[in-house]
Each structure stands twice: as C-alpha cells, then as structure tokens.
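Chain and residue survey
Single-letter residue listing:
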Amino acid sequence: MTKEMNPLDTLLHDLVHAFQILAMDGQGSGISGHLTARLPGARTFWSIPYGYGFEEATADDLIESDFDLRTVTGTLPCNPTLNIHTEIYEARPEVCCILHTHSEASLTLGIVGSNLEPVTQSGALFYEDIVLFDEFDGIVLDKKEGASIASQLGSNRAILLRNHGSVVVGASIAETTIAATVLEFAARVQLGAMAVGTPKLLPAAEIRQTKAFLQRPDVVDLRWKLLVRQARQHNPRFRAQRTQG
C-alpha cells in the first residue's frame, strides 16, 4: 500500500483483492460464491452485490449489509443466501471474514463423504480444524439453516458441506483467503491419492509443528502479498483500475 489507510479502507482494499485472488484460483462459483468481511465486532459486513461474479469486484462495487441482509451502504441488493455468514458472525465474534464456495475439489470431497485428512504439508493448516456437515437442506434462505451450519462449524477454521461446497472463516481477509486456496489444493491432492491408493497420513507431532509455522503472522503476510501481486497480474482489467494501493 502506498499510504496509511484507516481500518475501513484497509478492509475494502483487502476484500477486493481477495475476490480477485479467489477468482484466479477458480473459486468464484458464478453468482453462487460468497465472500464477506467485517470490521471487528461490527454487525454489518461488506460483499459484492447479488448477481456479481468474483472477477468483477472493484472497490466501488462493494456494498455494506446488516444481519437481516439489508443494504445499508450502496444501492444494489445483498445476496439472499448469506444467512450462513450472518449466523457464523453471530456465533464467532473473532471471525472477520467468511468464504462459501462450490470449488470443485472441496465439493467432490464432501460428495464422497470424506473430510480433509492430514496428507499434505500445506493441508496441515486444517489439522483438527475442519469438519464435515453430512446434511443437505437445499438453498440456505433462512437463519435456521445458517445457524445449523454455524453450530456444526463450531470453533473450526472450515467445514465441508455435503453436496454443497465449503465454508472457510478467519480473523482476517488474508488468513481466510490463503486458507481457502490451501483447502482446494489439499482436497485436490487427496482426491488424486485416493484414486490410486490409500493416502498415508502425516505424523501428528510433525503436522502440528507445520501448522504452527503456517499460521505465523510473518508467513501469512508474505503469502498474502504474493497472492495480491499475482492477482494484479492475472486480471488486466483489475490491474488498470484504482485499487487504493
């Protein structure tokens, strides 16, 4: 960033880059993917309007909505299926960013009823931190269904939704975005291993040490900066726009 920004400007800057990073990673899911972020403790959140794709996101497009999914900043409507997000925000005060997507590998893993296992070094990020929601209730259009997913997620970093996709949460946009890219990679590798044999699990002590390293703030910061640079190069339309830094 080229100048000091206030917390809201930083959130908007990071959020629009996260949309571009996830689009680059193939996690946009058309109009069905959701990425939201909020300031710590806020009862409103920011997202792209209903009907927008991740790759279209710019700072000027972002809207602010309340927990009843009413737009409070901006003019366009909020996605009506964001009850997953509002109920997780209600249950997890420390969470400031949530992604729900239907990315292929994570979706496939859930379809076969398998949780992510500790079989890759990068996947150590989710060790003892991801659960499988073995239900499907259709489109999440009310708070009850969102609360059910939030309850099953518990204190974990992620949840695989059977036949539906995944949800990843974090205390920051960078943390959540990095975790989402790792989840998709680790799920893809696990599926490949399952197709040719029985995956060998990593030892518990070593995977805990790896997870601790991957969560270090300096490591998260370096990985986030790389993803931002890659996203700016990937989408020329986005690179040409003013992105506040």
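Model, not experiment: these values are computed from the prediction.

So, how was this worked out
- Residue numbers run consecutively from 1 along every chain, following the written order of its sequence.
- Under the rules for a predicted model, residues below a pLDDT of 70 receive no local features and side-chain atom pairs below 80 are neither given nor counted, while totals for whole chains, interfaces and linings still include all residues.
- Excluding hydrogens and water, the side-chain values take into account all heavy atoms of the structure.
- Helix numbers and strand numbers start at the N terminus; a helix is a DSSP run of H or I with at least 4 residues, a strand a run of E with at least 2.
- Throughout this description, buried means an accessible area under 20% of the type-specific maximum (1.4 Å probe, protein chains only), exposed means over 50%, and partly exposed covers the range between.
- In this description, a line fitted to the C-alpha atoms serves as the axis of each element, helices being fitted only across the stretch in contact, and the angle between N-to-C directions of two axes falls anywhere from 0 to 180 degrees.
- Any angle between 65 and 115 degrees counts as roughly perpendicular, while under 35 counts as roughly parallel, over 145 as roughly antiparallel, and the rest as oblique.
- The criterion used for residue contact is that any of the two residues' heavy atoms lie within 4.5 Å.
- Basically, the charged four are Asp, Glu, Lys and Arg, the nonpolar ten are Ala, Val, Leu, Ile, Met, Phe, Trp, Tyr, Cys and Pro, and anything else, Gly included, counts as polar.
- The criterion for a disulfide is a pair of cysteine sulfur atoms lying within 2.5 Å.
- Residues form patches when they are more than 30% accessible in relative terms and have no salt bridge. Like charges link within 9 Å. Nonpolar side chains (Val, Leu, Ile, Met, Phe, Trp, Tyr) link within 5 Å.
- The method behind every accessible area is Shrake-Rupley, applied with a 1.4 Å probe, and residues are considered shielded solely by the protein chains displayed.
- Salt bridges are counted wherever a side-chain nitrogen of Lys or Arg sits within 4 Å of a carboxyl oxygen of Asp or Glu.
- It is the directions from the helix axis to the C-beta atoms whose arc is reported.
- Here, nonpolar core means buried Ala, Val, Leu, Ile, Met, Phe, Trp, Tyr and Cys residues that are tied together by side-chain atoms lying within 4.5 Å of each other.
- Strand pairing follows a simple DSSP-based rule, namely that at least 2 bridges must link the two strands.

Here's the deal with the environment of Leu-222
When you line up the elements, Leu-222 lands in helix α7 (residues 217-234). Residue Leu-222 is classed as exposed on the basis of its relative accessible area of 60%. In the structure, Leu-222 is positioned 175 residues away from Ser-47 in sequence and 25 Å away in space, judged by C-alpha atoms.

Comments concerning the packing of helix α5 (residues 173-196) against α7
Look at α5 against α7: their axes get within 10 Å of each other, and the N-to-C directions meet at 75°. With respect to each other, α5 and α7 are oriented roughly perpendicular. Between α5, through Ile-173, Ala-174, Glu-175, Thr-177, Ile-178 and Val-182, and α7, the contact on the second element is made entirely by Val-220, Arg-223, Trp-224 and Leu-227. Considered class by class, the residues forming the contact of α5 with α7 number 7 nonpolar, 1 polar and 2 charged.

Comments concerning the state of the cysteines
Taken as a whole and assessed by the stated rule, the structure comprises 0 disulfides. No disulfide involves Cys-96; its sulfur sits 8.6 Å from that of Cys-97, the nearest cysteine. Classification of Cys-96 by relative accessible area gives buried; the value is 9%. The class for Cys-97 is buried, based on a relative accessible area of 0%.

Details of a nonpolar patch on the surface
Where nonpolar side chains cluster on the molecular surface, the patch consists of Ile-111, Val-112 and Met-194 and spans about 250 Å² of accessible area. Tracing the sequence through the fold places Val-112 in the loop between α3 (104-111) and β6 (130-133).

Describing α3
When α3 is considered as a whole, its buried residues turn out to be Ala-105, Ser-106, Leu-109 and Gly-110. Relative to the axis of α3, the buried residues are bounded by an arc of 135° and lie together on one face. In the core, the buried residues of α3 are packed alongside β6, β7 (158-161), β8 (165-170) and α5. Looking one or two places after α3, you find Gly-113, whose phi comes out positive at around 75°.

Let's talk about the nonpolar core
Leu-15, Phe-19, Leu-35, Leu-116, Phe-126, Ile-173 and Trp-224 are the most contacted members of the largest nonpolar core, which has 45 residues in total. Of all the secondary structure elements, the ones that give two or more residues to this core are α1 (7-24), β1 (34-37), β5 (97-101), α3, β7, α5, α6 (204-214) and α7. Looking at which element gives the most residues to this core, the answer is α5, with 10 residues. Contacts of Ile-173, omitting those with residues within four sequence positions, involve Leu-11, Asp-14, Leu-15, Ala-18, Ala-37, Cys-97 and Trp-224. Within the second largest apolar cluster, 20 residues are counted, among which are Leu-69, Val-131, Leu-161 and Val-169.

Quick notes on unusual backbone geometry
Despite not being glycine, Glu-128 shows a phi value in the positive range, around 55°. Looking at where Glu-128 falls in the secondary structure, it is placed in the loop between α3 and β6. Located in the positive-phi region is Asn-163, a residue other than glycine, with phi close to 65°. With respect to the secondary-structure elements, Asn-163 resides in the loop between β7 and β8. Residue Asn-163 is classed as partly exposed on the basis of its relative accessible area of 36%.

With respect to the packing of α1 against α5
Packing of α1 against α5 leaves a shortest axis separation of 10 Å and a crossing angle of 10°. By the angle between their axes, α1 is roughly parallel relative to α5. Packed against α1, whose contacting residues are Leu-11, Asp-14, Leu-15, Ala-18, Ile-21 and Leu-22, the element α5 presents Ile-173, Thr-177, Ala-180 and Thr-181 at the interface. When grouped by side-chain class, the residues that make up the contact of α1 with α5 number 7 nonpolar, 2 polar and 1 charged.

Re the pairing of β7
In β7, alternate side chains face the same way, and those of Ala-158 and Leu-160 on one face and Ile-159 and Leu-161 on the other are all buried. Judged from the 4 bridges that link them, β6 and β7 form a sheet pairing that is parallel. Note that in β7 the partner of Val-131 across the bridge is Ile-159. Connecting β7 to the antiparallel partner β8 that follows it, the hairpin turn spans 3 residues, and Asn-163 within it adopts a positive phi of roughly 65°.

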